[in-house]
Amino acid sequence: MIQLFSSTLGEEELAAVKRVFESRFLGYGNESKSFEKEFGAKIGSNRVLATNCCTAALYMSMKMLGIGPGDEVIIPSINFVGCGNAIMDAGARPVFADVELDTLNIIPSEISRLRTRNTRAVLLLHYGGHPCNLDEVREHARGLRIIEDSACSVVSTYQGKNCGTLGDIGCFSFDSMKILVMGDGGAIVVKDDELLEKAKQYRYLGMAPKLSSGTDSLAEGKDRWWEIQLATTSNRYTTNDILCSIGRVQLRKLDSFVRRRKAIWRAYQAGLSTIPWLTCPPEPLPQTESSYYLYWLRTDKRDQLAKYLVDNGIYCTFRYYPLHLIPQYGWKEKLPNAEQLDRTALNIPVHQNLTDNDADRVIETIKAFGRRT
Ligand SMILES: Cc1ncc(COP(=O)(O)O)c(C=O)c1O
């Protein structure tokens, strides 16, 4: 089966893990701090905290912005379920915006249509790695906080700036199906020092980071170095040195992964765009760069095509299930584009381990399906 996602892990990652193992400290230490610095340098931010996953960063972002009961957060419906959950679990209400049929990104004018006195933030997704139209989003989101889910857009850029650094808070994922993988892992990136202080608190149980404890307190000559002072209450979202040692190696390979993904993407565009019964994705907007995380096509014969591909050894799926259709979120209104995409859109494999032959096989199998129907 040609897989939809695949990671590239080798001897270097293994050696990095071995070093951590031999150091006998597996928790949040030097590797984690180095990863934060190096990832920050890559995306152009010095306010990066690594987390145990992106969902954690999404949960933290709600707390950090003080979003709670009575508040509303606008999000595009085609989205990862953790985004909806983060809003719900904060006690706020997710408000679902429709998406563009071609990019699957939020329709910016939806923000104006949907915002009310209670709207506090917009939680954006850069679908498949293609940056959404931030200039237009900003026009419609004046006065609102902007959170970016940058799980698909690890090195995507918008007018020269990395996605995830364009709003107030950016959330990244390094789980096993992402481009840079750690097994599980994520990062939260914030725009100012005030949010950074909050991120430090919420990442680790609500502890006040400036107040020392343990051996630091001992060094300061405190009599009772075991005291704990909370700034707030929170869960525990820290990462560790094993994960981050893998991440540091992956970071050095990241550009080559994205180059290869782009080549596969190009091959699909060249091979599939002339097929009359399907629609290929658009190129990224001008002055933007994609991370080429997903490739998506659209066809009225989606379900038959999906079955045919799987029967012929090519895995495919549709990400992401429209969140407004999930009953627990309590949404009533129809969103025509998201619902049309739910019937017509399909993701086919894009990753750095695909060979040119694999890409040809995907293209030829899709063409063969067309000849049969
Ligand atoms: C768009 C998007 N956001 C967030 C997440 C959550 O990432 P994590 O698995 O690191 O919690 C995912 C994971 O699939 C995702 O695809």
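Cut-offs used in this document
- Residues numbered from 1 in each chain as written.
- Predicted model: local features only at pLDDT ≥ 70, side-chain atom pairs only at ≥ 80, totals over all residues.
- Heavy atoms only, no water.
- Helix = DSSP H or I, 4+ residues; strand = E, 2+ residues; numbered from the N terminus.
- Buried < 20%, exposed > 50% of the residue type's maximum accessible area, 1.4 Å probe, protein only.
- Contact = heavy atoms within 4.5 Å.
- Areas by Shrake-Rupley, 256 points an atom, 1.4 Å probe, with all protein chains shown as cover.
- Lys, Arg positive; Asp, Glu negative; His and termini not counted.
- Charge placed at Lys NZ, Arg CZ, Asp CG, Glu CD.
- Expected span 1.5 Å × (residues − 1).
- Arc of directions from axis to C-beta.
- Near = heavy atom within 4 Å.
- Polar contact = N/O pair within 3.5 Å; in protein donor to acceptor, adjacent residues only side chain to side chain.
- 1 Å grid on protein atoms, 1.4 Å probe; cavity = no way out; pocket = protein on both sides within 12 Å on 5 of 7 lines; lining within 4 Å.
- Sits in = over half its atoms within 2 Å of the grid points.
- Nonpolar A, V, L, I, M, F, W, Y, C, P; charged D, E, K, R; others polar.
- Pairing = 2+ DSSP bridges.
- Patch = residues over 30% accessible without salt bridge, like charges linked within 9 Å, V, L, I, M, F, W, Y side chains within 5 Å.
- Salt bridge = Lys/Arg side-chain N within 4 Å of Asp/Glu carboxyl O.
- Axes fitted to C-alpha atoms, helices over the stretch in contact; angles between N-to-C directions.
- Right-handed = clockwise from strand over helix to strand, strands pointing away.
- Disulfide = S-S within 2.5 Å.
- pLDDT = per-residue confidence, 0-100.
- Core = buried A, V, L, I, M, F, W, Y, C linked by side-chain atoms within 4.5 Å.
- Domains from an automatic or database assignment.

Chemist: Tell me about the overall build of the protein, and name the residues and values.
Modeler: A count of helices and strands for the protein gives 12 helices and 12 strands. Buried positions account for 56% of the 373 residues belonging to the protein. Within the protein, contacts between residues at least 6 apart in sequence are counted, and of these 72% link residues at least 24 apart. On the protein, roughly 16500 Å² of surface is accessible, and the fraction owed to carbon and sulfur atoms is 50%. Within the protein, one finds 46 positive and 44 negative side-chain charges whose respective centroids are separated by 1 Å.

Chemist: Quick rundown of helix 2 (residues 30-43)? Include the residues and the values.
Modeler: One turn of an α-helix holds 3.6 residues; hence residues three or four places apart share an orientation. Relative to the 20 Å expected for 14 residues at 1.5 Å per residue, helix 2 spans 20 Å between its end C-alpha atoms, a close match to the ideal helical length. All buried positions along helix 2 are accounted for by E31, S32, F35, E36, F39, G40 and I43. Along the long axis of helix 2, the arc covered by the buried residues comes to 165°, so they all point the same way. For helix 2, the exposed residues set more than 90 degrees away from the buried face come down to N30, K37 and A41. Residue G44 follows helix 2 closely and has a positive phi angle near 80°.

Chemist: Kindly report on the site of the ligand, identifying the contributing residues and their values.
Modeler: In the vicinity of the ligand there are 13 residues, among which T55, D149, S173, D175 and Y320 approach most closely. C54 has a polar backbone atom sitting 2.9 Å from an oxygen atom of the ligand. One of the side-chain N or O atoms of K178 is found 2.8 Å from an oxygen atom in the ligand. Its free accessible area being 390 Å², the ligand has 94% of it covered by the protein chains. Here the ligand is seated within the second largest pocket. Among the residues making up the shell around the ligand, the classes are represented as 6 nonpolar, 3 polar and 4 charged.

Chemist: Can you break down the sheet that holds strand 10 (residues 288-289) residue by residue, with the values?
Modeler: What the 3 strands build is an open sheet, ordered 7-6-10; its pairing is antiparallel. Strands at the two margins of the open sheet, each flanked by one partner only, are strand 7 (161-162) and strand 10.

Chemist: Describe a nonpolar patch on the surface, and please don't skip the residues or the numbers.
Modeler: Taken together, the side chains of M1, V310 and Y315 define a hydrophobic patch exposed on the protein surface, amounting to about 270 Å² of accessible area. Relative to the assigned elements, V310 resides in helix 10 (residues 302-311).

Chemist: How would you summarise the sheet that holds strand 4 (residues 119-125) if you had to cite specific residues and measurements?
Modeler: The strand order across the open sheet formed by 7 strands is 1-9-8-5-4-2-3, and the pairing between neighbours is mixed. Only two strands of the sheet have a single partner each, and these edge strands are strand 1 (48-51) and strand 3 (93-97). Strand-to-strand twist in this sheet, taken as the mean axis angle between neighbours without regard to direction, amounts to 20°. Sheet topology note: the strand 5 (residues 145-149)/strand 8 (residues 169-173) ladder contains 3 bridges and is parallel. Bridging from a neighbouring strand, E148 pairs with G170 of strand 8. Most of the contacts of helix 7 (residues 193-203) go to strand 1, to which it runs at about 15°, and overall it touches strand 1, strand 5, strand 8 and strand 9 (186-190).

Chemist: Report on the pairing of strand 8, specifying residues and quantitative values.
Modeler: Extensive coverage of strand 8 is indicated by the burial of 5 of its 5 residues. Looking at chain direction, strand 8 and strand 9 are connected through 5 bridges and run antiparallel. Within strand 9, the residue paired with F172 across the bridge is A187.

Chemist: Got a sec to walk through the pairing of strand 5? Specific residues and values, please.
Modeler: The two faces of a sheet get side chains in turn, since along a regular strand they alternate between them. In terms of burial, strand 5 is a largely internal element, 4 of the 5 residues being buried. Assessed by its sense of winding, the connection that carries the chain from strand 4 through helix 6 (residues 134-140) to strand 5 is right-handed.

Chemist: So what's going on with the state of the cysteines? Which residues, and what values?
Modeler: Summed over all chains, the structure comprises 0 disulfides. With no disulfide partner, C54 has as its closest neighbouring cysteine sulfur the one in C171, 5.3 Å distant. A relative accessible area of 0% means that C171 is categorised as buried.

Chemist: Residue-level account of the confidence of the model for the protein, with values.
Modeler: On average, the protein scores 96 in pLDDT, and the residues at 70 or more come to 99%. Of all the helices and strands in the protein, helix 8 (residues 214-219) carries the lowest mean pLDDT, 75, while strand 8 carries the highest, 99.

Chemist: So what's going on with the nonpolar core? Which residues, and what values?
Modeler: Residues F39, Y268, L272 and I366 are the most contacted members of the largest nonpolar core, which totals 117 residues. Counting residues per element, this core draws most heavily on helix 9 (residues 241-272), at 10 residues. The residue makeup of this core includes at least three contributed by each of domain 1 (11-251) and domain 2 (253-372). The residues touching I366, leaving out its near neighbours within four places in the chain, are L272, I275, W277, L278, L297, L305, L309 and I348.

Chemist: Which residues make up the pattern of salt bridges, and what values do they have?
Modeler: Taken as a whole and assessed by the stated rule, the structure comprises 25 salt bridges. Connected via shared salt-bridge partners are E12, E13 and K253.

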